[in-house]
Amino acid sequence: MAYETLLYAKEDGVLTITLNRPDKLNAANDTMLNELQEAFKQAGRDEEVRAVILTGAGRGFCAGQDLASVEERLHGGGRMDYGAHLRHTYNPLILRIRRLPKPVIAAVNGVAAGAGMSLVMACDLRVAAESASFLQAFVRVGLVPDSGSTWMLPRLIGMARATELMLTGRRISAQEALDWGLINKVVPDNALMEEVNTLAGELAKAPTKVIGYIKRALDFAATRPLDEALEYEADMQELAGRTEDHLEGLRAFLEKRPPTYRGR
Ligand code: T3D
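One structure accompanies this document, and this report is about it. (Residues numbered from 1 in each chain as written. Predicted model: local features only at pLDDT ≥ 70, side-chain atom pairs only at ≥ 80, totals over all residues. Heavy atoms only, no water.)

This next bit is on the site of the ligand. Surrounding the ligand, one finds 24 residues, the nearest of these being A63, Q65, L67, H85 and A115. The separation between a nitrogen atom of the ligand and a polar main-chain atom of A63 is 2.9 Å. H85 is positioned with one of its side-chain polar atoms (N or O) 2.8 Å from an oxygen atom of the ligand. Relative to its free-state accessible area of 1000 Å², the ligand is covered by the protein chains to the extent of 71%. Secondary-structure elements contributing two or more residues to the shell around the ligand are α3 (82-88) and β6 (111-113). Looking at the shell around the ligand element by element, the count peaks at 3 residues for α3. By residue class, the composition of the shell around the ligand is 14 nonpolar, 4 polar and 6 charged. (Near = heavy atom within 4 Å. Polar contact = N/O pair within 3.5 Å; in protein donor to acceptor, adjacent residues only side chain to side chain. Areas by Shrake-Rupley, 256 points an atom, 1.4 Å probe, with all protein chains shown as cover. Helix = DSSP H or I, 4+ residues; strand = E, 2+ residues; numbered from the N terminus. Nonpolar A, V, L, I, M, F, W, Y, C, P; charged D, E, K, R; others polar.)

As paired strands, strand β1 (residues 6-11) and strand β2 (residues 14-19) are joined by 6 bridges and run antiparallel to one another. Of the residues in β2, the one forming a bridge with Y8 is I17. (Pairing = 2+ DSSP bridges.)

The topology assignment puts A221 in helix α10 (residues 208-221). Sequence-wise, A221 and W151 are 70 residues apart; in three dimensions their C-alpha atoms are separated by 13 Å.

Quick look at the structure:
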């Protein structure tokens, strides 16, 4: 499928989805939001895809909702029904990323603002270029953090810091984001894609189904008491134990050789 606002490139099991409205710092309009949902749906269906990278073209990662398109609607005398808009666009997209049974890495090449920052947080791993930055821009335009920010940010950096970023809209550097636990790694700008491609390449050779179960177990445990999390771990382990890759892992260990996982 050809996309208007995304680049979609697949190589050696790694799918790279690039947000492609560089002049607008990849701010998300409705076309992009629909295309992102479609692209992640495709990523889920395509068995060749075993790891996904999400990044941005140009100097930004994503500046959040395209405010010009909101203004256009309001200017035309219309009403922007934010609730309905979120329920049809960002919310299903965030769930689709979280529920994708494959690893998703954000390669944060520049500024990630508002829902663009939420998108980064929805990914499983986050690697940022030194010059990248993050802001909960919502309050600056009189909006509440959305697209999962209120759920994800306090879990990643704690309530005190999350509240500060949400109430002030302060922009933080990649280094501060790393120090606070928001991201996994900071690399020089010119090394970003090489670093992320290497990581994605390794993940594309991992036991993919099991990675899907790990994602499910983590998200389940995030909101449940210990006894329920233990039960869920047991369910996921039951499923993992039935995969071909588990058998391969066992054999490889006993035969003292590296495993070859096929994602099944
Ligand atoms: O239902 C719903 O949809 C609600 C959902 C809401 C979710 C949200 O994401 S709300 C928050 C929306 N985002 C923002 O408020 C961020 C707005 N952008 C900025 O504050 C700044 O652009 C940045 C801090 C991100 C970067 O600043 P800077 O100085 O590096 O770049 P710039 O010059 O401001 O932006 C470059 C261009 O991108 C510029 O266009 P121009 O003048 O060169 O033609 C700018 O207008 C455009 N741009 C940046 N952000 C957006 C945008 N255009 C539309 N929408 C944007 N969000």
